[in-house]
Amino acid sequence: MAKRHPSVVLVGRPNVGKSTLFNRITGMRRAIVTPIAGTTRDVIAQEAEWLGVPFEMVDTGGMFGASEDPLHELVLQRGHRAIAAADLLVFVVDGRDGVLPGDNEIAREVHAADKPAILAINKTDDKRARAGALDFFQLGFDPIVEVSAEHGEGVGDLLDAIVQRLRPMGQSAPAAEEHGEGDGPADPHARDKGEVAVSIVGRPNAGKSSLVNRLLREERMIVSEMPGTTRDAVDTVLTWHRRNYRIVDTAGIRKAGRVQRGGAVETLSVMLAQRSIEAADIVVLLVDATAGVTDQDAAIAGAADKAGRGVIVVANKWDLMKDRGPDFVKGFDEELRHRLKFLDYAPVLHISALTGERAPKLLETIDRVTASRRMRVKTPELNKFVAEITLAHPPASPGKQHVRVLYAAQTGVAPPTFVFFTNVATKFHFSYERFLVNQLREKFGFEGTPIRFHVRTRRRRPKGSEAGSGA
């Protein structure tokens, strides 16, 4: 996949503040920040902009220094790939620590990469760091910028230095553009309206990272059989049939009690995964077909349904189920539907992220569900349909007065939201609401999306009042 913007890659020892600086520049809490060395594993990228110059900010994780992380070799491979693809390197050092042997090692690698580079001395809000800043000139970099990623001091100067080196690569600033001390990167939350945000969620080891890599056709995410490999919510834009999808790989979500016992890193990872559900258009719930559907899968699905997101259920590792026969497939789907009965509207796919079998069908299904979420039924067509349905099956009347549906309107999309105006009732029995929802789906589709439902009593105008009169 071709790069959309120049790549600016952060490198440095663990715990020098790369992830804090990444979050500060992008304006998003995408990278998890803890005092634990090696917290960041995947290569995390986020678009940013300064003075009209767009670029991709990349956090490579703790590539250098001693590590007890069993996945450290995979982290190194991903990091070296990011450096090789970089247009500009930002070497981050800890001003409080001074120059350490690890910094000299990284400096040699950065020089060997033969890329434009900037040295950023972090934590210079500390007096000790400011006093020792001159020592870093021995590393042989120009320019050197002093920053405090935690407090934002000097970050504007660093961004100025970044765009100054990106402009010769074909990036130009708007004419006569000025900025003041309060200026910052463009709002990264302003996602392209044409993009569809897809969050891949599920329990640990369901195959989320493998699926993302399969869709992207590149090894972007670290894949391991070790639970908890993915920690950050990592997203990448995928273009398919001229449409853009922002695919978000999330950490595996375990039960709340186990998450708490997992420590601060897992707690933050799960929090970011839950946030990605709320920010998504479509949630892909990945289920491990070898383990079947669990209560935790149902809990994750419930969060997506409650948030009003489109939902697709994907049974992964289906290559291991082939020899089970057609009766197994029928039984598996029946059990899945029973466990996730509140998601009867969600399509179910059987795929193998490992072999790629049926994986393209996921993008086709995402397209259909996206269209369903955004579909709007014309008011005359809706009311004709509602009149026919309620005449044949009128709502139950709790009192003596017969309940009649007078009018219906679709008041929103994503998710589709309907209001039914009645003569007396302000609430239908839940079974009748379910009946109406099922009838709407049967008539208009709404595949893969929850439907929101409201009932209102039409207000009667007081006798003697004139139309248009008011206080």
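The structure under discussion appears in the preceding block.
Model, not experiment: these values are computed from the prediction. (Residues numbered from 1 in each chain as written. Predicted model: local features only at pLDDT ≥ 70, side-chain atom pairs only at ≥ 80, totals over all residues. Heavy atoms only, no water.)

### Here we look at the sheet that holds strand S6 (residues 144–146)
Hydrogen bonds between backbone atoms are what pair the strands of a sheet, whose relative direction is either parallel or antiparallel. Across the sheet, which stays open at both edges, the six strands sit in the order S2-S3-S1-S4-S5-S6 with mixed pairing between neighbours. The sheet is open, and its two edges are formed by strand S2 (44–50) and S6, each paired on a single side. The mean inter-strand angle of the sheet, taken between neighbouring strand axes irrespective of direction, is 25°. With three bridges connecting them, strand S5 (residues 117–122) and S6 associate as parallel partners. Residue pairing across strands places Leu119 opposite Ile144, the latter belonging to S6. Across the sheet, helix H1 (residues 18–26) lies against strand S1 (7–11), S2, strand S3 (53–59) and strand S4 (88–94), angled at about 155° from S3, the strand it touches most. (Pairing = 2+ DSSP bridges. Helix = DSSP H or I, 4+ residues; strand = E, 2+ residues; numbered from the N terminus. Axes fitted to C-alpha atoms, helices over the stretch in contact; angles between N-to-C directions. Contact = heavy atoms within 4.5 Å.)

### Brief notes about unusual backbone geometry
Looking along the chain, the bond that leaves Asp142 and enters Pro143 is cis, with omega of 10°. Here Pro143 is to be found in the loop between helix H4 (127–131) and S6. For the peptide bond that leads from Ala414 to Pro415, omega is 5°, which places it in the cis range. You can see Pro415 is positioned in the loop between strand S13 (405–412) and strand S14 (417–422). The phi angle at Arg242 is positive, at roughly 65°, despite the residue not being glycine. With respect to the secondary-structure elements, Arg242 resides in the loop between strand S8 (234–240) and strand S9 (243–249). Of note in the backbone geometry, Arg358 takes a positive phi value of approximately 65° without being a glycine.

### Digging into the side chain of Thr365
Mapping Thr365 onto the fold places it in helix H11 (residues 360–374). Reaching out from Thr365, the side chain makes a polar contact with the backbone oxygen of Lys361 at a distance of 2.7 Å. Apart from the residues lying within four places of it in its own chain, the contact partners of Thr365 are Ile312, Pro347 and Leu349. (Polar contact = N/O pair within 3.5 Å; in protein donor to acceptor, adjacent residues only side chain to side chain.)

### Looking at the nonpolar core
With 28 residues, the main nonpolar core has Val8, Leu21, Ile25, Phe55, Val90, Leu158 and Ile162 as its most contacted residues. For this core, the secondary structure elements donating two or more residues are S1, H1, S2, S3, S4, S5 and helix H5 (155–166). Per-element accounting of this core gives the leading share, seven residues, to H5. Beyond its immediate chain neighbours, meaning those up to four positions away, Val90 contacts Val8, Val9, Leu10, Val11, Ile118, Ala120, Leu158 and Ile162. Residues Val196, Val198, Ile312 and Ala353 belong to the second largest nonpolar core, which totals 24 residues. (Core = buried A, V, L, I, M, F, W, Y, C linked by side-chain atoms within 4.5 Å. Buried < 20%, exposed > 50% of the residue type's maximum accessible area, 1.4 Å probe, protein only.)

### Description of the packing of aromatic side chains
The geometry of two aromatic rings is summed up by the distance between their centres and the angle between their planes. Counted according to the given criterion, the structure contains twelve aromatic pairs. When the ring of Trp318 is compared with that of Phe332, the centres are 5.1 Å apart and the planes differ by 70°; the resulting orientation is edge-to-face. Taken together, the residues span a long stretch of sequence, with Trp318 in the loop between strand S11 (310–316) and helix H10 (326–339) and Phe332 in helix H10 at a distance of 14 residues. Residue classification places Phe332 among the buried positions, given a relative accessible area of 9%. Following the ring pairs from residue to residue traces out a cluster consisting of Phe420, Phe428, Tyr432, Phe435 and Phe453. Between Arg324 and the ring centre of Phe328, over which it is positioned, the NZ or CZ distance is 5.0 Å. (Phe/Tyr/Trp six-rings, centres within 6.5 Å; stacked < 30°, edge-to-face > 60°. Lys NZ or Arg CZ within 6 Å of the ring centre and 35° of its normal.)

### A few points about the pattern of salt bridges
According to the stated counting rule, one finds twelve salt bridges in the structure shown. Arg203 is the salt-bridge partner of Asp297, the closest N and O atoms lying 3.2 Å from each other. Linking Asp297 in helix H9 (residues 295–306) with Arg203 in the loop between strand S7 (196–202) and helix H6 (208–216), this pair joins segments that are 94 residues apart in sequence. As far as burial versus exposure is concerned, Asp297 and Arg203 are alike and both buried. With its nearest N and O atoms 3.2 Å apart, the salt bridge here joins Arg339 to Glu335. One end of the pair is Arg339 and the other is Glu335, both in helix H10 and four residues apart, which spans about a single turn. Taking the relative accessible area as the measure of exposure, Arg339 reaches 32% and is therefore partly exposed. (Salt bridge = Lys/Arg side-chain N within 4 Å of Asp/Glu carboxyl O.)

### Section: the packing of helix H12 (residues 379–392) against helix H13 (residues 430–444)
Helix-helix packing: each pair is described by the crossing angle between the helix axes and the interaxial distance. Viewed as axis vectors pointing N to C, H12 and H13 meet at an angle of 130°, and their least axial separation amounts to 11 Å. The angle between the axes of H12 and H13 places the two elements in the oblique class. For the element pair H12 and H13, the recorded crossing hand is right-handed. Along the contact surface, H12 presents Glu381, Leu382, Phe385, Ile389 and Thr390, while H13 presents Tyr432, Phe435, Leu436, Gln439, Leu440, Lys443 and Phe444. A class-by-class count of the residues in the contact of H12 with H13 yields eight nonpolar, two polar and two charged. (Parallel < 35°, antiparallel > 145°, perpendicular 65-115°, else oblique. Left-handed = near helix turned anticlockwise from the far one by under 90°. Nonpolar A, V, L, I, M, F, W, Y, C, P; charged D, E, K, R; others polar.)

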